[in-house]
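Chains, contacts and geometry: an overview
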Number of protein chains: 2
Amino acid sequence: MIEDYKKFDKSIPCPVRTLMDRIGDKWVVLVISTLGEKGTMRFNQLHEMIGDISQKMLTVTLKKLQEDGLVSRKMYQEIPPRVEYTLTAMGESLLPHITGLEQWAVANMSGIQQSRQQYLSAK
Amino acid sequence: MIEDYKKFDKSIPCPVRTLMDRIGDKWVVLVISTLGEKGTMRFNQLHEMIGDISQKMLTVTLKKLQEDGLVSRKMYQEIPPRVEYTLTAMGESLLPHITGLEQWAVANMSGIQQSRQQYLSAK
DNA sequence: CCGCATCCAGCATGATACTG
DNA sequence: CAGTATCATGCTGGATGCGG
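Let us look at the structure shown here. Since the structure is predicted, the reported quantities are computational estimates derived from the model, not experimental observations.

Residues and elements named next belong to chain B. Within the secondary structure, Ile98 sits in helix α5 (residues 89-121). Between the C-alpha atoms of Ile98 and Met75, which are 23 residues apart in sequence, the distance is 27 Å. If we skip the residues at most four places from it in the chain, Ile98 touches Val29, Ile32 and Ser33.

Have a look at this one:
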């Protein structure tokens, strides 16, 4: 039987599905990964680093991560304003899994593309 | 500077973004995870195991996984038809990363829920 | 049994403009 | 600088019915 923790049960939140609602989002992955790499960062630094991502989506993504306790937010009362984001301990503990996934992605990128082309040409 | 392989560049597909377009999908994760656990499975077995997932989404998900070469499909010319799905070698190599993520999810589920409640009550 | 085609509702996201 | 607000929309995914 499928492991209990990944079974669907409307009365109990499934951890796998709950997690995937978050990290099943490329922005979340890129933000965690970038923060893990660079440590503390400001809003616009993240914005520039990631490159493609609208201001809105960065805001939304950071808010979700705060809500889950993966990222902490520190605001300085200055003019102009400064806000810094850092991974929490829980965020740090997730980081190696994200990194592992990224390394797998890099290692298997060509294999995937090859497979896609074969698949297309086969039909 | 952000690592090259996760930089956005419209001329070169970013492995991280490419991967996330796939596993940034809870169905993909659940299918890989379930196949990894049980080995070869038939369409309806998967359907019943996962529980919530429409037939359409299961079909779509399996097709994407085939396309990427993560899952292989074997069809038997019988009446009634029988189709079996199995992880490929590449799929197997991804499995530990998925499993690691799942274990993290189970271990940190309560921490996340706690954080969410604090976040809500703080506003 | 295993899937595909179609229709359609709803949310996620981008663009844009504005604020403390 | 670091967001918020609003609007338009495109794709995701559910429901349904058909086909090999």
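Right, let's talk about the sheet that holds strand β1 (residues 41-42) of chain A for a bit. Residue and element names in this part refer to chain A. Reading across from one edge, β1-β3-β2 is the order of the 3 strands in this open sheet, with antiparallel pairing throughout. Every interior strand has two partners, whereas the edge strands, β1 and β2 (71-76), have only one. Judged from the 6 bridges that link them, β2 and strand β3 (residues 82-87) form a sheet pairing that is antiparallel. Within the sheet, the bridge partner assigned to Val71 lies in β3 and is Leu87. Set on the sheet, helix α2 (residues 26-38) makes contact with β1, β2 and β3; between it and β3 the angle comes to about 95 degrees.

The next point concerns the protein's contact with DNA strand D. Around DNA strand D there are 17 residues in total, and Gln55(A), Arg73(A), Tyr85(A), Lys56(B) and Pro81(B) lie nearest to it. Each atom of DNA strand D within 4 Å of the protein was classed as base or backbone; sugar and phosphate made up 53%. At 3.3 Å from a sugar or linking oxygen of DNA strand D is found a main-chain nitrogen or oxygen belonging to Pro81(A). Residue Tyr85(A) places a side-chain N or O atom 2.5 Å away from a phosphate oxygen belonging to DNA strand D. Residues belonging to the surface near DNA strand D are distributed by class as follows: 7 nonpolar, 4 polar and 6 charged.

Glancing now at the sheet that holds strand β3 (residues 82-87) of chain B. Read across the open sheet, the 3 strands follow the order β1-β3-β2 (chain B); overall the sheet is antiparallel. Two strands in the sheet have a free side with no partner beyond their single neighbour: β1 (41-42) and β2 (71-76) of chain B.

To continue, consider the relation of the copies chain A and chain B. By a simple turn and slide, chain A fits onto chain B: the slide is 0.0 Å along the axis, the RMSD is 0.1 Å, and the turn is 180 degrees. Those values place the two copies in the arrangement expected of a two-fold rotation axis. In terms of C-alpha distance to the rotation axis, chain A has Gly24(A) as its closest residue, with the C-alpha 1.8 Å off the axis.

Cut-offs used in this document
Residues numbered from 1 in each chain as written. Chains lettered and ligands numbered in written order. Predicted model: local features only at pLDDT ≥ 70, side-chain atom pairs only at ≥ 80, totals over all residues. Heavy atoms only, no water. Helix = DSSP H or I, 4+ residues; strand = E, 2+ residues; numbered from the N terminus. Contact = heavy atoms within 4.5 Å. Pairing = 2+ DSSP bridges. Axes fitted to C-alpha atoms, helices over the stretch in contact; angles between N-to-C directions. Near = heavy atom within 4 Å. Polar contact = N/O pair within 3.5 Å; in protein donor to acceptor, adjacent residues only side chain to side chain. Nonpolar A, V, L, I, M, F, W, Y, C, P; charged D, E, K, R; others polar. Least-squares fit on C-alpha atoms with pLDDT ≥ 70 in both.

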